Amino acid sequence: MSNNDKSKVALVTGSSTGIGFETCLALARSGFVTCATMRDKKKSGNLEKIARNENLQIKVFDMDVDNDNSVYDTIEKIIMEFGKINVLVNNAGYGLFGALEDFSMDEIKNQFETNVFGVIRVIRGVLPIMRQHKNGIIIKISSLSGLAGIPTQSAYCATKFSVEGLSEALSFELEPFGIKLILIEPGVINTEFVNDLIVPTNKYGIDKSETLVNPSYNNEETLAVPLQQHGGQVLILLL
Ligand SMILES: NC(=O)c1ccc[n+]([C@@H]2O[C@H](COP(=O)([O-])OP(=O)(O)OC[C@H]3O[C@@H](n4cnc5c(N)ncnc54)[C@H](OP(=O)(O)O)[C@@H]3O)[C@@H](O)[C@H]2O)c1
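To start, this report covers the structure provided alongside it. (Residues numbered from 1 in each chain as written. Predicted model: local features only at pLDDT ≥ 70, side-chain atom pairs only at ≥ 80, totals over all residues. Heavy atoms only, no water.)

## Things to note about the overall build of the protein
Quick reminder of the rule: Runs of E in the DSSP output that reach at least two residues are strands. Runs of H or I that reach at least four are helices, and both are numbered from the N terminus. Summary of the burial criterion: residues with accessible area below 20% of their type's maximum are buried, those above 50% are exposed, and those between are partly exposed, where the area comes from a 1.4 Å probe applied to protein chains only. The contact criterion used is simple: two residues touch if any of their non-hydrogen atoms lie within 4.5 Å. The protein chains shown are the only cover counted for residues, whose accessible areas, like all others here, come from Shrake-Rupley with a 1.4 Å probe.
Looking only at helices and strands, the protein has seven helices and six strands in total. Out of the 239 residues belonging to the protein, those deemed buried represent 46%. Excluding contacts between residues fewer than 6 apart, the proportion of contacts in the protein whose partners are at least 24 apart in sequence is 67%. Summed over its atoms, the accessible surface of the protein is roughly 12,400 Å², and 51% of this surface lies on carbon and sulfur atoms.

Here's what the structure looks like:
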């Protein structure tokens, strides 16, 4: 892989599938040296194959956003190799969907670990090099669930609302250093997200599918109202 002073370097988290995978390809096809990070490098085959076929500058690195060493060691390796990080796409995340009381505190803390502290960890890792170069763009894949409270998504919404506040505050904090923050708030996108959802365990004797199809949560109006109130698109979640 070649790198020169002119090429821009992007780091994407959660690149094994979905939005992260496609973002890596889009960035590389636009000329970015793209550091595709994922927590399980065994999932990199497809991305690397496309990169080879199209001669794209994509290099895969290990990164589990839940883990300090994994995040900071990889950022150090990227800086050693490329000397800079111009763009960070904070994408890694998953959904914990179900009634709040059906989850253990550990499940809720894990949701925050990845969707909030994972984001903060990677941002803290890239900030020193971005500040040094007085240049950087930090993109966060939030969600419509970061704009409106949606039944069955209380924990997930709490993480995405956190990320919205974090980004707004940071955008002021980092402006003097030439670093911009961008929030992306997608609606429903057909990725592995739904397959990877974590739903309540059976500890109260409630069947997982039963919780998700509970009439109070499976009502089109119940789901549509919060989004309409926030001027959002009407989404009917078919779980
Ligand atoms: N799809 C939607 O409808 C939708 C809507 C709004 C927002 N979003 C947001 O978009 C982002 C990407 O989701 P997606 O739709 O592309 O789903 P996806 O296909 O399931 O991709 C999620 C990615 O995050 C990775 N990931 C999860 N935990 C991680 C960790 N601890 N460290 C590193 N990587 C981790 C997954 O890795 P593994 O392959 O190893 O699991 C996977 O690469 C998420 O933040 C999600 O909240 C999605």
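Additional details are given in the paragraphs that follow.
## A look at the pattern of salt bridges
For side chains of opposite charge, pairing can occur when their charged atoms come near one another. What counts is decided by this rule: The salt bridge criterion pairs a side-chain nitrogen of Lys or Arg with a carboxyl oxygen of Asp or Glu, the two atoms within 4 Å.
Enumeration according to the criterion identifies five salt bridges in this entry. The closest approach of N and O atoms between Glu-54 and Arg-29, which form a salt bridge, is 2.7 Å. One end of the pair, Glu-54, is in helix α2 (residues 45–54); the other, Arg-29, is in helix α1 (residues 18–29), and 25 residues separate them in sequence. Among the residues examined, Arg-29 registers a relative accessible area of 47% and is labelled partly exposed.

## Points about the site of the ligand
Our working definition: By convention in this text, a residue qualifies as near a molecule or strand provided that one of its non-hydrogen atoms is within 4 Å of it. Side-chain atoms alone can form a polar contact between residues adjacent in sequence; in general such a contact is a pair of N or O atoms within 3.5 Å, and within protein one must be able to donate a hydrogen while the other accepts it.
As a structural note, the neighbourhood of the ligand is formed by 29 residues, with Ser-16, Lys-43, Asn-91, Tyr-156 and Thr-191 the closest of them. A distance of 2.8 Å separates an oxygen atom of the ligand from a polar atom in the side chain of Arg-39. In the complex, the protein chains occlude 96% of the 890 Å² of accessible area that the ligand would expose alone. Mapped by element, the contributors of at least two residues to the shell around the ligand are α1 and α5 (154–174).

## Focus on the nonpolar core
Our working rule: Throughout, nonpolar core names a set of buried Ala, Val, Leu, Ile, Met, Phe, Trp, Tyr and Cys residues whose side chains join them through atoms within 4.5 Å.
Ranked by internal contacts, the top residues of the largest apolar core, which has 27 residues, are Leu-11, Ile-75, Ile-78, Ile-85, Leu-88 and Ile-138. Listed in part, the 20 residues of the second largest apolar core include Phe-32, Val-60, Val-89 and Ile-141.

## Observations regarding the pairing of strand β4 (residues 87–90)
A regular strand places its side chains so that they alternate between the two faces of the sheet. Let me state the cut-off plainly: DSSP bridges decide pairing: two strands pair if at least two such bridges lie between them. Whether a crossover is right-handed depends on one test, that the path from the first strand over the helix to the second runs clockwise when the strands point away from the viewer.
Burial along β4 is two-sided: Val-87 and Val-89 facing one way and Leu-88 and Asn-90 facing the other are all buried. With three bridges connecting them, strand β1 (residues 9–12) and β4 associate as parallel partners. For Ala-10, the partnering residue across the bridge sits in β4 and is Val-87. Bridge count for β4 against strand β5 (residues 136–141) is four bridges, and the pairing is parallel. Counted as the bridge partner of Val-89 is Ile-139 from β5. For the crossover that starts at β4, traverses helix α4 (residues 105–133) and ends in the parallel β5, the hand is right-handed.

## Points about the pairing of strand β3 (residues 58–62)
Two elements, strand β2 (residues 33–38) and β3, share five bridges in a ladder whose sense is parallel. Bridge pairing in β3 places Thr-34 opposite Ile-58. The parallel pair β2 and β3 is bridged by α2, and the resulting crossover is right-handed.

## Looking at the sheet that holds β3
Heads up, the rule is: Axis angles are defined between N-to-C directions and span 0 to 180 degrees, where every axis is a line fitted to C-alpha atoms and, for a helix, only to the segment in contact.
A sheet is described by the order of its strands in space; here six strands give the open sequence β3-β2-β1-β4-β5-β6, paired in parallel fashion. Whereas interior strands pair on both sides, the edge strands pair on one side only; in this sheet they are β3 and β6 (179–184). Each adjacent strand pair in this sheet contributes to an overall mean axis angle of 15°, direction not counted. Those strands touched by α1 are β1, β2, β3, β4 and β5, and its axis lies near 170° from that of β1.

## Details of the packing of aromatic side chains
Remark: the centre distance and the inter-plane angle together describe each pair of aromatic rings, the angle taken between the planes. Formally: When the centres of two rings from Phe, Tyr and Trp lie within 6.5 Å, Trp using its six-membered ring, the rings pair. Their planes under 30 degrees apart give stacked, over 60 give edge-to-face, and anything left gives tilted. Two limits define a charge over a ring: the Lys NZ or Arg CZ must be within 6 Å of the ring centre, and within 35 degrees of the ring normal.
Under the criterion given, the structure shown has three aromatic pairs. For the ring pair Phe-97 and Phe-193, a centre distance of 5.9 Å and an interplane angle of 70° mean the geometry is edge-to-face. Here Phe-97, found in the loop between β4 and α4, pairs with Phe-193, found in the loop between β6 and α6 (208–212); they are 96 residues apart in sequence, far enough to count as distant. Of the residues examined, Phe-97 reaches a relative accessible area of 5% and is grouped as buried. On the accessibility criterion, Phe-193 (25% relative accessible area) is partly exposed. Among the aromatic residues, ring-to-ring pairing joins Phe-97, Tyr-156 and Phe-193 into one connected group. Against the face of Phe-177 rests Arg-131, its NZ or CZ located 5.7 Å from the ring centre.

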